[in-house]
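Descriptive structure summary
This is what each chain is made of:
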Amino acid sequence: MPEKHRVIVAKPGLDGHDRGAKIVARALRDAGFEVIYTGLHQTPEQIVETAIQEDADAVGLSLHSGAHMTLFPRVVSLLRERGAEDIVVFGGGIIPADDIAALQKEGVERIFTPGAPTTDIVAWLQQRLEAATPAG
């Protein structure tokens, strides 16, 4: 990667299961991304504030509690309100297939469900962020 992209990995809400988020964070780091893991029990407001303060290129959300239809779109909405709509938002966790299209319609660009190879996540994010970076 010509530029080191910065990614926030976050666990919104009351979900206390962070093994998957840590695995994704490590895979991204090992692939050359700069990764900031926010830890458990973050509010959408805290996640957005961190993304803006850290000048993030992307935010990866992980959720297993079932509140994805509320929390994921809230993060996207707050980023837009703060003028940070250029930050790519993707997610993962226990997300029913029927909810994926609705989340994408709300601005979550990609959802990775359990069992998704970390190589697929890394490849997608590299391609997505490289497409967004102007040549220069």
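In this text, all values refer to a predicted model and were calculated from it rather than measured experimentally. Per chain, residue numbering runs from 1 following the sequence as it is written. The predicted nature of this model means local features are confined to residues of pLDDT at least 70 and side-chain atom pairs, given and counted, to a pLDDT of 80 or more, with totals for whole chains, interfaces and linings taken over all residues. Working from all heavy atoms in the structure, the side-chain values ignore hydrogens and water.

A few words on the packing of helix H3 (residues 68–81) against helix H4 (residues 97–105). Helices that pack against each other are described as a pair by the angle of their axes relative to one another and the distance between those axes. Remark: H3 packs on H4, axes separated minimally by 10 Å, with the N-to-C direction vectors making an angle of 20°. It follows from the interaxial angle that H3 and H4 lie roughly parallel. The interaxial crossing formed by H3 with H4 has right-handed handedness. Of H4, the residues touching H3 (which contributes His 68, Met 69, Phe 72 and Pro 73) are Asp 99, Ala 102 and Leu 103. The residue classification treats Ala, Val, Leu, Ile, Met, Phe, Trp, Tyr, Cys and Pro as nonpolar and Asp, Glu, Lys and Arg as charged. All others, Gly included, are polar. Broken down by class, the residue content of the contact of H3 with H4 amounts to five nonpolar, one polar and one charged. As a rule, the C-alpha atoms of each element are fitted with a line to give its axis, helices using only the stretch in contact, and angles between N-to-C directions run from 0 to 180 degrees. Secondary structure elements are defined from DSSP: runs of H or I of at least 4 residues count as helices, runs of E of at least 2 residues count as strands, and each element is numbered from the N terminus. Should an angle lie under 35 degrees it is considered roughly parallel, over 145 roughly antiparallel, and from 65 to 115 roughly perpendicular; all remaining angles are considered oblique. Left-handed describes a crossing in which the near helix is turned anticlockwise from the far one by less than a right angle; the clockwise case is right-handed. Contact criterion: two residues are considered in contact whenever any of their non-hydrogen atoms come within 4.5 Å of each other.

This part is about the pattern of salt bridges. Salt bridges, as used here, are contacts in which a Lys or Arg side-chain nitrogen is within 4 Å of a carboxyl oxygen on Asp or Glu. Counted according to the given criterion, the structure contains eight salt bridges. Between Asp 30 and Arg 29 there is a salt bridge, with the nearest N and O atoms lying 2.7 Å from each other. To sort residues, take the accessible area from a 1.4 Å probe on protein chains only and compare it with the maximum for the residue type: under 20% means buried, over 50% means exposed, and anything in between is partly exposed. The exposure class of Asp 30 is exposed, given its relative accessible area of 54%. Overlapping salt bridges, with partners in common, bring together Arg 6, Glu 34 and Glu 54 in one network.

Let us look at the side chain of Ser 62. Secondary-structure assignment places Ser 62 in strand E3 (residues 58–63). Judged by its relative accessible area of 8%, Ser 62 is buried.

Quick look at the packing of aromatic side chains now. Pairing of aromatic rings covers Phe, Tyr and Trp, the last through its six-membered ring, and needs centres within 6.5 Å; plane angles under 30 degrees mean stacked, over 60 mean edge-to-face, and all others mean tilted. Applying the stated criterion across every chain yields a total of three aromatic pairs. Among the aromatic side chains, those forming a connected cluster through ring pairs are Phe 90, Phe 112 and Trp 124.

With that settled, consider the pairing of strand E1 (residues 6–10). In terms of burial, E1 is largely enclosed, as four of its five residues are buried. Any two strands between which DSSP finds at least two bridges are classified as paired. Bridge analysis of E1 against E3 gives four bridges, and the strand direction is parallel. Residue Ala 10 lies in a different strand from E3, and its bridge partner there is Leu 61.

We now examine the packing of helix H2 (residues 44–53) against H3. Relative to each other, H2 and H3 sit at 45°, their axes nearing to 9 Å. Of the possible angle classes, the one that applies to H2 and H3 is oblique. H2 and H3 meet at a crossing whose hand is right-handed. Residue-level contacts link Pro 44, Glu 45, Ile 47, Val 48 and Ala 51 of H2 to Leu 71, Arg 74, Val 75, Leu 78 and Leu 79 of H3.

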